[in-house]
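Structure at a glance
The lines below spell out each chain.
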Amino acid sequence: MKRGEEIEIEVTGIEFPNKPYGVYGEKKVYPVGNYIIGHKLKGTVTKIRNKKSELKKIEILEKAANEIEPFCPHFNICGGCTFQNMNYGDQTELKSSLVLNILKRAANYEFEYEKIIKSPKEFEYRNKMEFSFGNEIIDGPLTLGMHKKGSFHDIITVNECKLMDIDFRKILTATADYFRKKEEEGELSFYHRIQHIGYLRNFVIRKGEKTGEISINLITTSQIDFDLSEWKEIMLNLELKNKIYGIIHTINDNLSDSVQSDEENILYGNRDINERIFDLNFKISPYSFFQTNSDGVELLYGKVMEYIDVISENEELNNSSIAITVIKNPQNVKDCVVFDLFSGTGTIGQIVSKKAKQVYGIELIEEAVKKANETAKFNNIKNAEFIAGDVFEKLDELEERDVKPDIIILDPPRPGVGEKTITKLLKYNVSNIIYVSCNPKTLAQDLAIFHNNGYRLVKSCPVDMFPQTPHVEVVNLLVKNSI
């Protein structure tokens, strides 16, 4: 096989999160695109490295047996969805098998792997969407949407995206139309990421699935002083199923591409929206992390609660095949101190507080912690305290207060927990750790460190919070053994 050569392959496997491959001779060939097992392809070989190569300029010779027609016109152009050409049952089975393969490599012993929990909704499940202003082609008209697949610069409209509901689509379309007209009239332009010149940067829509409250946040630079009154009135006059609860104008002059706030103006209504999970109220600020699938989050954290019950009931977790003797929790969970690390807006901590003596949550984002403490007070939860700061550093402060955990819950961002923090957690010698992961690859890396220090994975359950995409959450129960 040579670079530039045209070859034919059949997709025989997929690597997490979404890397389809076939075999040509002794080499793995990775076609670039959203292909599934059974696709027969013809394409041109590009990169060749060791026993792997890449395939581009692809023609589909034969469809896969279980392939369906994608429902979205943006599929294969937008970088969001990848599995729209599979029915939802096949998607979840694929995700489950990909996660299991990763866990088996990390834990070379028996553990209980539970059936994947499906999202209550396959479509229109997202409670937050973040868009960028830009253009699809150089010198083309202004667009508002998502980054084109594989591109840092090109922005494509996604006004028919089915991951968001009709209200989001109406708000997005009306905003794009309004500012496109203003650009054509020469009144403003989008922010150019290389030159750092321009006005319009990002646009964020959030809603409370259970409350129906919608928040709109327009992010711009301070480079011009533009009157947003006309746009605000357009938003308020849209015919929507739910109610616009707040319209915010955020000024961000930071050079990085992330949504940040240098200054904030409330154009209408309220800054925060409310959401209800497990009959608890959560106040969500414009910049707080909150799970993007409100219906699915009860299933995700319900599994956490179930694993808490496993600990509480002192369920037999011995694995006879490798003769692990589990060190049982010395006391009932209701008498335990729980550490909720990477706690975000305190969702998990508040939910498990009714089963624990005391919960301490640690989260880096100060505003999220402020909201966590506010909502805990509103929910009349008196045994949960949330602390702002780096997990590694704040653990030292808790130790100075002579606070030690009996159970640790981890819900880290995509990079995982990391060896430095895990090493600090090991000194607590807790019997039980519940690890909620949004990235099975970094979960596997962290599990290896726990394994080397006497912890074993005994239960694991994938939860699909993100239908049509390759992403999946995994809830894991680790116990410390006596050998």
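Quantities reported herein were computed from a predicted structural model and do not represent experimental measurements.

**Quick word on the overall build of the protein chain**
If you tally the helices and strands in the protein chain, you get nine helices and 23 strands. Against the globule reference of 23 Å for 483 residues, the protein chain gives a C-alpha radius of gyration of 24 Å, in line with a compact fold. Expressed along its principal axes, the backbone C-alpha trace of the protein chain runs to roughly 70 × 60 × 40 Å. Relative to its 483 residues, the protein chain shows a buried fraction of 55%. Long-range contacts, defined here as pairs at least 24 residues apart, represent 64% of the contacts in the protein chain between residues at least 6 apart.

**A word on helix α2 (residues 166–184)**
When the terminal C-alpha atoms of α2 are compared, their 27 Å separation across 19 residues agrees well with the 27 Å that a helix rising 1.5 Å per residue should span. Those residues of α2 that sit buried are Asp167, Phe168, Arg169, Ile171, Leu172, Ala174, Thr175, Ala176, Tyr178, Phe179, Lys182 and Glu183. On its buried side, α2 packs onto β8 (128–135), β9 (142–147), β11 (200–207), β12 (213–220) and α3 (229–236). Measuring from the backbone nitrogen of Asp167 back to the side-chain oxygen at the start of α2 gives 3.0 Å, which picks out Asp165 as the cap. One or two positions beyond α2, positive phi appears at Gly186, with a value near 80°.

**Some thoughts on the layout of surface pockets**
Here the second largest pocket defines a volume of roughly 260 Å³. In this structure, the second largest pocket is lined by Asn135, Ile138, Asp139, His153, Asp154, Phe190, Tyr191, His192, Arg193, Ile194 and Gln195. For the lining of the second largest pocket, the class distribution of residues is four nonpolar, four polar and three charged.

**Quick word on the sheet that holds strand β7 (residues 112–113)**
In space, the eight strands of this open sheet follow the order β7-β22-β23-β21-β20-β17-β18-β19, with mixed pairing throughout. With partners counted over all chains shown, the strands left at the sheet margins are β7 and β19 (384–388), one partner each. Examined bridge by bridge, strand β17 (residues 337–341) and strand β20 (residues 407–410) share four bridges and lie parallel to one another. Bridged to Phe339 within β20 is Ile408. Along the sheet, helix α4 (residues 294–312) contacts β20, β21 (432–437), β22 (455–463) and β23 (473–480); its crossing angle with β23, the most-contacted strand, is approximately 15°.

**Focus on the nonpolar core**
Of all hydrophobic cores here, the largest spans 77 residues; its most connected members are Phe179, Phe203 and Trp231. Broken down by element, the residue count for this core peaks at nine residues, all from α4. Here this core gathers at least three residues from each of two domains, domain 2 (91–120 + 289–480) and domain 3 (128–284). Core analysis: the next-biggest nonpolar cluster, separate from the first, contains 49 residues, Tyr109, Ile116, Leu341 and Val430 among them.

**What about the packing of helix α1 (residues 88–106) against helix α9 (residues 440–451)?**
Where α1 meets α9, the closest approach of the two axes is 9 Å, and the angle between their N-to-C directions is 20°. Put simply, α1 runs roughly parallel to α9. Judged by the twist between their axes, the crossing of α1 over α9 is right-handed. On the side of α1, the interface is formed by Val99, Ile102, Leu103 and Ala106, while α9 contributes Pro440, Lys441, Leu443, Ala444, Leu447 and His451. Considered class by class, the residues forming the contact of α1 with α9 number eight nonpolar, one polar and one charged.

**Details of the pairing of strand β1 (residues 6–10)**
Burial along β1 is one-sided: the face carrying Ile7 and Ile9 is buried and the face carrying Glu6, Glu8 and Glu10 is not. Direction of pairing for β1 relative to strand β5 (residues 40–49): antiparallel, over a ladder of five bridges. Paired with Ile7 across the strands is Gly43, a residue of β5.

**Quick look at unusual backbone geometry**
Omega for the peptide link from Phe16 to Pro17 comes to 5°, which places this bond in the cis form. With respect to the helices and strands, Pro17 occurs in the loop between β2 (13–15) and β3 (19–24). Positive phi values are uncommon outside glycine, yet Lys57 reaches one of about 50°. Mapped onto the elements of the fold, Lys57 is located in strand β6 (residues 52–62). Using a relative accessible area of 73% as the deciding quantity, one classes Lys57 as exposed.

**Considerations on the UniProt feature "binding site: S-adenosyl-L-methionine" (unreviewed entry) in the protein chain**
Those places that UniProt annotates as "binding site: S-adenosyl-L-methionine" (unreviewed entry) correspond, in this numbering, to Gln291, Phe342, Glu363 and Asp411. By secondary structure assignment, the location of Phe342 is in the loop between β17 and α5 (347–352). Residue contacts for Phe342: discarding those within four places in its chain leaves Ile362, Glu363, Val391, Leu410, Asp411, Pro412, Pro413 and Val417. By relative accessible area, which is 11% here, Glu363 ends up buried. If sequence neighbours within four positions are ignored, Glu363 has contacts with Phe342, Ser343, Gly344, Ala368, Val369, Ile387, Ala388 and Gly389. Of note is the side chain of Glu363, whose polar atom sits 2.8 Å from the backbone nitrogen of Gly344.

**Observations regarding the environment of Pro286**
Positionally, Pro286 belongs in the loop between β16 (280–284) and α4. The class for Pro286 is buried, based on a relative accessible area of 9%. Along the backbone, Pro286 and Val310 are 24 residues apart, and their C-alpha atoms lie at a distance of 36 Å. Non-local contacts of Pro286, meaning those with residues more than four positions away in its chain, are made with Arg206, Asn217, Ile248, Arg271, Asp272 and Glu367.

**With respect to the UniProt feature "active site" (unreviewed entry) in the protein chain**
When the UniProt feature table is mapped onto this chain numbering, "active site" (unreviewed entry) sits at Cys438. In this fold, Cys438 is placed in the loop between β21 and α9.

**Points about the pattern of salt bridges**
Under the defined criterion, the tally for this structure stands at 32 salt bridges. A salt bridge links Lys207 to Glu209, with the nearest nitrogen and oxygen atoms 3.4 Å apart. Here the salt bridges do not stand alone but share partners, grouping Glu264, Arg271, Asp272, Glu367, Lys371 and Glu374 into one network.

**Points about the domain arrangement of the protein chain**
Interfaces are often described in size by the accessible area the parts lose on coming together. As assigned here, the protein chain comprises domain 1 (5–67), domain 2 (91–120 + 289–480) and domain 3 (128–284). Here the C-alpha centre of domain 2 lies 37 Å away from the C-alpha centre of domain 1. Tallying the contact residues gives five residues for domain 1 and eight residues for domain 2. When domain 1 packs against domain 2, the two sides together hide about 580 Å² of surface, and 80% of this comes from carbon and sulfur. Taken as a group, Ile14, Phe16 and Pro17 account for 91% of the area that domain 1 buries against domain 2, more than any other trio of residues on that side.

About the thresholds
Residues numbered from 1 in each chain as written. Predicted model: local features only at pLDDT ≥ 70, side-chain atom pairs only at ≥ 80, totals over all residues. Heavy atoms only, no water. Helix = DSSP H or I, 4+ residues; strand = E, 2+ residues; numbered from the N terminus. Rg over C-alpha atoms; globule rule 2.2 N^0.38 Å. Buried < 20%, exposed > 50% of the residue type's maximum accessible area, 1.4 Å probe, protein only. Contact = heavy atoms within 4.5 Å. Expected span 1.5 Å × (residues − 1). Polar contact = N/O pair within 3.5 Å; in protein donor to acceptor, adjacent residues only side chain to side chain. 1 Å grid on protein atoms, 1.4 Å probe; cavity = no way out; pocket = protein on both sides within 12 Å on 5 of 7 lines; lining within 4 Å. Points joined across faces, edges and corners; volume = space filled by probe spheres on them. Nonpolar A, V, L, I, M, F, W, Y, C, P; charged D, E, K, R; others polar. Pairing = 2+ DSSP bridges. Axes fitted to C-alpha atoms, helices over the stretch in contact; angles between N-to-C directions. Core = buried A, V, L, I, M, F, W, Y, C linked by side-chain atoms within 4.5 Å. Domains from an automatic or database assignment. Parallel < 35°, antiparallel > 145°, perpendicular 65-115°, else oblique. Left-handed = near helix turned anticlockwise from the far one by under 90°. UniProt positions renumbered as here; feature names shortened; annotations may be inferred. Salt bridge = Lys/Arg side-chain N within 4 Å of Asp/Glu carboxyl O. Buried area = accessible area lost by both parts, 1.4 Å probe.

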